[in-house]
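# Summary of the model geometry
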2 protein chains.
Amino acid sequence: MKRRLLLVSNSTLHGSGYLAHCQQQISDFFGKDVKRVLFVPYALHDRDAYTRTARDKLKTLGYEVDGIHEASDPVEAIRKAEGIFIGGGNTFRLLKSLYDNKVLTEIRKRVMEDGVPYMGSSAGTNVATVSINTTNDMPIVYPPSFSAIGLVPFNINPHYLDPDPNSRHMGETREQRITQYHEEPDTPCVLGLREGSMLLVEGNKATLLGTTKARLFIRGKPTVEYAPGTDLSFLLTDTH
Amino acid sequence: MKRRLLLVSNSTLHGSGYLAHCQQQISDFFGKDVKRVLFVPYALHDRDAYTRTARDKLKTLGYEVDGIHEASDPVEAIRKAEGIFIGGGNTFRLLKSLYDNKVLTEIRKRVMEDGVPYMGSSAGTNVATVSINTTNDMPIVYPPSFSAIGLVPFNINPHYLDPDPNSRHMGETREQRITQYHEEPDTPCVLGLREGSMLLVEGNKATLLGTTKARLFIRGKPTVEYAPGTDLSFLLTDTH
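In this report, we go over the structure that sits alongside the text. Just so you know, these numbers come straight off a predicted model, no measurement behind them.

## As for empty space enclosed by the protein
Under the definition given, this model contains one cavity of 30 Å³ or more. Reported here for the largest cavity is a volume of approximately 40 Å³. Forming the walls of the largest cavity are E172 of chain A together with T91, S122, A123, N126, T135, N136, D137, P158 and H159 of chain B. Secondary structure elements with two or more residues in the lining of the largest cavity: α6 (123-126) and β6 (155-160) of chain B. Grouping the constituent residues of the lining of the largest cavity by class yields two nonpolar, six polar and two charged.

Laid out in structure tokens, this is it:
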């Protein structure tokens, strides 16, 4: 198993710039061997502007960026990619575009079989998991399925948010929403990644990085909190 | 056009009991002619418990409640209903169950052609509109479509929430989410119903009721705020 993943909760942390809070981890992740990163801007409407933002930031870290939408054949672009970065935005729009452009299978193959490093942030982290069933986004378009790329055997809830004890709003808390998900049969566990945290996966090893704790929801079991630095490799087996 | 709808943003307002903030409007809406209300508890996992909650509350207003899941034939239950109430919970679960039980068309027919009064709260309000594209809920199950019952030609965002200026959370605001929806082609307008507000529709007349303003989003136009009591009948034509 060659997979290497950097799954970031959020691309921008309050009070800092785009990808600033995880730039050291990005440099460590893509390293010196990757020169060009293929950026997938499908989650936002203005793909050119979004690619410029990613290009400008990754340039400061020493990487060139190609937008997948600039390629005449997106599947071929995946086949040639040295590294892949799928950015955040609307998860439904992103997943629908991945299906429309027929790139899901190729991304999975390149990451799982060829060891091409995959970085995702927010929606780009959601689509790396089993399904987008635990996204926070508004369902603005209808994808042909909620099944995602499946690079790990669990789901992630990015931007995980603790309840605000002072709120008078009566919408469900994030925890209540994930609990509703687990009322459905055969649902995988959900790792709630708070803003500031990220998961590094290297083969069959998973490590929580960043500055905030993560909260793990397993169907029928109590939730558990994990501190940055924790080895979460058990999540990569199907039998936890 | 015989339709009569009471579309409530939220079933419980902070600090008050279930349906307490809209009980006068419910009594006015179902009136004296309706004796029994057919309750649709599909949005929550425990349908029996949810039906008990609705039954206990509506009994205090003088109505008997039947749970649609208690009927051997849910379509037949819709055919016989004097009044329909679809409760809140998870909108994806609700819409999928409406499709699974094949009751969408019959509800539409009964409301639009026979004048059976329809009350919805939260998810039950969402499914009364064109589509569930503007729900706030987590997509815990995959419905066969996002198209909903279509009792009105626009969408509603229930539990509409203004941005919190003190928040350090970087997830999209509600307004940003609805703006992303309107980046997609041919999307209808969206009425943001804050908690405490509701829309009464009688034939081709629509009136905002309750204690909070509503915010209207029209694709490509500035948003507009409307106070309780405002006549919003223009929303019922397709050409606003």
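## What about the sheet that holds strand β2 (residues 36-40) of chain B?
Residues and elements named next belong to chain B. Strand order in the open sheet formed by seven strands is β3-β2-β4-β5-β1-β8-β9, with mixed pairing between adjacent strands. Edge positions in the sheet fall to β3 (64-67) and β9 (205-210), since each has one partner strand and no second. The mean angle between the axes of side-by-side strands here comes to 20 degrees, regardless of whether they run parallel or antiparallel. Across four bridges, strand β1 (residues 4-8) lies against strand β5 (residues 118-121) in parallel orientation. When the bridges of β5 are listed, L7 appears paired with G120.

## Details of the interface of chain B and chain A
Across the boundary between the two partners, chain B contributes 41 residues, which contact 41 residues of chain A. Between chain B and chain A, a total of about 3600 Å² is buried, with carbon and sulfur atoms accounting for 55% of that surface. Among the residues chain B hides against chain A, the three largest losses belong to H14, M138 and Y142 of chain B. Together they make up 20% of the total. Run the count over chain B and chain A and you get six salt bridges. Residue R93 of chain B pairs with E184 of chain A through a salt bridge whose shortest N-O separation is 2.9 Å. Put simply, chain B and chain A have 23 residue pairs in polar contact (both at pLDDT 80 or more) between them.

## Here we look at the side chain of S121 of chain A
With respect to the helices and strands, the residue S121 of chain A is situated in strand β5 (residues 118-121). Aside from chain neighbours lying at most four places away, what touches S121 of chain A is V8, N10, S11, F85, I86, G87 and G88 of chain A.

## A short note on helix α5 (residues 104-114) of chain A
All names here are of chain A. Among all positions in α5, only L104, E106, I107, R110, V111 and M112 are buried. On its buried face, α5 is in contact with β1 (4-8), α3 (74-80), β4 (84-86), α4 (91-100) and β5. Just past α5, the residue G115 takes up positive phi, approximately 75 degrees.

Basis of the calculations
- Residues numbered from 1 in each chain as written.
- Chains lettered and ligands numbered in written order.
- Predicted model: local features only at pLDDT ≥ 70, side-chain atom pairs only at ≥ 80, totals over all residues.
- Heavy atoms only, no water.
- 1 Å grid on protein atoms, 1.4 Å probe; cavity = no way out; pocket = protein on both sides within 12 Å on 5 of 7 lines; lining within 4 Å.
- Points joined across faces, edges and corners; volume = space filled by probe spheres on them.
- Helix = DSSP H or I, 4+ residues; strand = E, 2+ residues; numbered from the N terminus.
- Nonpolar A, V, L, I, M, F, W, Y, C, P; charged D, E, K, R; others polar.
- Pairing = 2+ DSSP bridges.
- Axes fitted to C-alpha atoms, helices over the stretch in contact; angles between N-to-C directions.
- Contact = heavy atoms within 4.5 Å.
- Buried area = accessible area lost by both parts, 1.4 Å probe.
- Salt bridge = Lys/Arg side-chain N within 4 Å of Asp/Glu carboxyl O.
- Polar contact = N/O pair within 3.5 Å; in protein donor to acceptor, adjacent residues only side chain to side chain.
- Buried < 20%, exposed > 50% of the residue type's maximum accessible area, 1.4 Å probe, protein only.

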